[in-house]
Amino acid sequence: MSGFDPIPFAIPGFVLLIALEMAWARRRDPLAYEPRDTFVSLMLGLGSVVAGLLTAGIVLDLGTWLHGFRFATLGWAWWTWLACFLLDDLAYYLWHRAAHRVRWFWAAHVNHHSSQHYNLSTALRQPWTGFLSASFAFRLPIVLLGFPPAMLITCGALNLIYQFWIHTTAIGRMPRWFEAVFNTPSHHRVHHAVEAPYLDRNYAGVLIVWDRLFGTFQRERDDLEIHFGIVRQLGTFNLLLAAFHEWLAIAADVWRAPWRAKFGYVFGPPGWSHDGSRRSSADIKRLWREPGS
């Protein structure tokens, strides 16, 4: 038995749901979509698929090689699938947290956050440089435990498919029990917000329990209006800049920085600077004052 990638089968559903949300937004929330922004999101999604196809063989070969050193041999029973899905979801949480705290990973992930509009097309705003940032490394320990690489690929794809529907403002809050266990549009709106209390929160893929367990959960507040994007907004609909702007910024910072600071501009947190001229998310949160205080 082997796994498979269900994402190509989900694409028609993605397109249909985006069309339905556009029709909803036309009547209920005209600012939810901006044509140029949506085009960039769709092109980033297409480019991500192409990049994935070009590098998938390398990642699979690496996973297969590592599987030869596995600690156990696990079959394809239902409980193995469940365990693999849970471990993959945890690995996603760890990668996602690192992607917001380490600039090297952030350079690949930032384009997913760079839209100031939050809609289902934003879910397709995926990186072209995930392989370069080595994001796949967070999942490799699962292969060493004995889970087949093909099974892991399928679980990772299912995780990504789940996350599509949470990129919307059309859904308020789900039932309380669902909000307690799963990632939802409400939780993920927090993650995409630029307000200080929301920065670096709600990293979950499918299960929000990881954020609750590791202290990174933040509930969506009714008293705080959300604005989407990144702290320093991209300010352009240029597709290539959307895909590569942070890599270019890293190169420029490393070129200008003194030798003692070069490492920090690559592997420090986004916003870090050797002279304190910029603010990281931790700085922004520390300086935040509640409205009316």
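Just so we're clear, the structure is a prediction, and the values are computed from it rather than from any experiment.

Draft legend 1. Highlighting the pattern of salt bridges. A complete count under the given rule lists twelve salt bridges for this structure. Where Glu34 meets Arg36, a salt bridge forms, and the shortest distance between an N and an O atom there is 3.0 Å. Overall, Glu34 belongs to the buried group, its relative accessible area being 16%. In this structure, Arg103 and Asp253 form a salt bridge, with 2.8 Å as the shortest nitrogen-oxygen distance. Of this pair, Arg103 sits in helix α4 (residues 103–113) while Asp253 sits in helix α10 (residues 239–256), and the two are 150 residues apart along the sequence. For Arg103, a relative accessible area of 6% translates into the label buried. Overall, the relative accessible area of 5% leaves Asp253 in the buried class. One connected set of salt bridges, linked through shared partners, spans Arg103, Glu246, Asp253, Arg256 and Arg278.

Draft legend 2. Spatial organisation of unusual backbone geometry. Phi is positive for Ala134, close to 65°, though the residue is something other than glycine. Relative to the elements of secondary structure, Ala134 occurs in the loop between α4 and α5 (140–145). Given the relative accessible area of 27%, Ala134 is considered partly exposed. For Asp200, which is not glycine, the phi dihedral falls at a positive 55°. Among the secondary structure elements, Asp200 is positioned in the loop between α8 (185–192) and α9 (209–214). Relative accessible area serves as the criterion here: at 13%, Asp200 is assigned to the buried category.

Draft legend 3. Local environment of the packing of helix α3 (residues 78–101) against helix α6 (residues 149–164). Closest axis-to-axis distance for the α3/α6 pair is 9 Å, and the angle between their directions is 60°. Accordingly, the angle class assigned to the pair α3 and α6 is oblique. The element α3 and its partner α6 pack so that their crossing is right-handed. Here α3 contributes Thr80, Trp81, Cys84, Phe85, Asp88, Asp89 and Tyr92 to the contact with α6, which in turn contributes Met151, Leu152, Thr154, Cys155, Gly156, Leu158, Asn159 and Gln163.

Draft legend 4. The arrangement of the nonpolar core in detail. Cys84, Ile142 and Phe147 are the most contacted members of the largest nonpolar core, which has 20 residues in total. The set of elements that each furnish at least two residues to this core consists of α3, α5 and α6. Filtering out sequence-adjacent residues up to four positions away, Ile142 remains in contact with Cys84, Leu87, Asp88, Ala91, Phe147 and Leu152. Core analysis: the second largest hydrophobic core is formed by nine residues, Phe14, Ile18, Ala25 and Ala32 among them.

Draft legend 5. Expanded view of the packing of aromatic side chains. Overall, the coordinates contain 18 aromatic pairs when judged by the stated rule. Their ring planes at 20° and their centres at 4.2 Å tell us that Phe14 and Phe164 sit as a pair that is stacked. Remark: Phe164 occurs in helix α6 and Phe14 occurs in helix α1 (residues 7–28); sequence separation between them is 150 residues. Each of the two residues, Phe14 as well as Phe164, counts as buried. Relative to Trp272, the ring of Tyr265 has its centre 5.0 Å away and its plane inclined at 70°; by these criteria the two rings are edge-to-face. Assessed through its relative accessible area of 4%, Tyr265 is described here as buried. An aromatic cluster of three or more residues is present, and its members are Tyr162, Trp165, Trp177, Phe178 and Phe182. Between Arg212 and the ring centre of Phe217, over which it is positioned, the NZ or CZ distance is 4.0 Å.

Draft legend 6. Looking closely at the side chain of Asn202. Residue placement: Asn202 occurs in the loop between α8 and α9. A polar atom in the side chain of Asn202 sits 2.8 Å from the backbone nitrogen of Gln218. Sequence-distant contacts of Asn202, that is, excluding residues within four places in its chain, are made with His187, Val190, His191, Ile208, Asp211, Thr216, Phe217 and Gln218.

Draft legend 7. Structural context of the environment of Trp78. The topology assignment puts Trp78 in helix α3. Counting along the chain gives 160 residues from Trp78 to Asn238, while the straight-line C-alpha distance between them is 45 Å.

Draft legend 8. Spatial organisation of a nonpolar patch on the surface. A cluster of nonpolar side chains, namely Trp78, Trp79, Leu82 and Leu86, defines an oily patch on the protein surface of about 490 Å² accessible area. Examined against the element boundaries, Leu86 turns out to sit in helix α3. Since its relative accessible area comes to 35%, Leu86 is described here as partly exposed.

Thresholds, definitions, all that
Residues numbered from 1 in each chain as written. Predicted model: local features only at pLDDT ≥ 70, side-chain atom pairs only at ≥ 80, totals over all residues. Heavy atoms only, no water. Salt bridge = Lys/Arg side-chain N within 4 Å of Asp/Glu carboxyl O. Buried < 20%, exposed > 50% of the residue type's maximum accessible area, 1.4 Å probe, protein only. Helix = DSSP H or I, 4+ residues; strand = E, 2+ residues; numbered from the N terminus. Axes fitted to C-alpha atoms, helices over the stretch in contact; angles between N-to-C directions. Parallel < 35°, antiparallel > 145°, perpendicular 65-115°, else oblique. Left-handed = near helix turned anticlockwise from the far one by under 90°. Contact = heavy atoms within 4.5 Å. Core = buried A, V, L, I, M, F, W, Y, C linked by side-chain atoms within 4.5 Å. Phe/Tyr/Trp six-rings, centres within 6.5 Å; stacked < 30°, edge-to-face > 60°. Lys NZ or Arg CZ within 6 Å of the ring centre and 35° of its normal. Polar contact = N/O pair within 3.5 Å; in protein donor to acceptor, adjacent residues only side chain to side chain. Patch = residues over 30% accessible without salt bridge, like charges linked within 9 Å, V, L, I, M, F, W, Y side chains within 5 Å. Areas by Shrake-Rupley, 256 points an atom, 1.4 Å probe, with all protein chains shown as cover.

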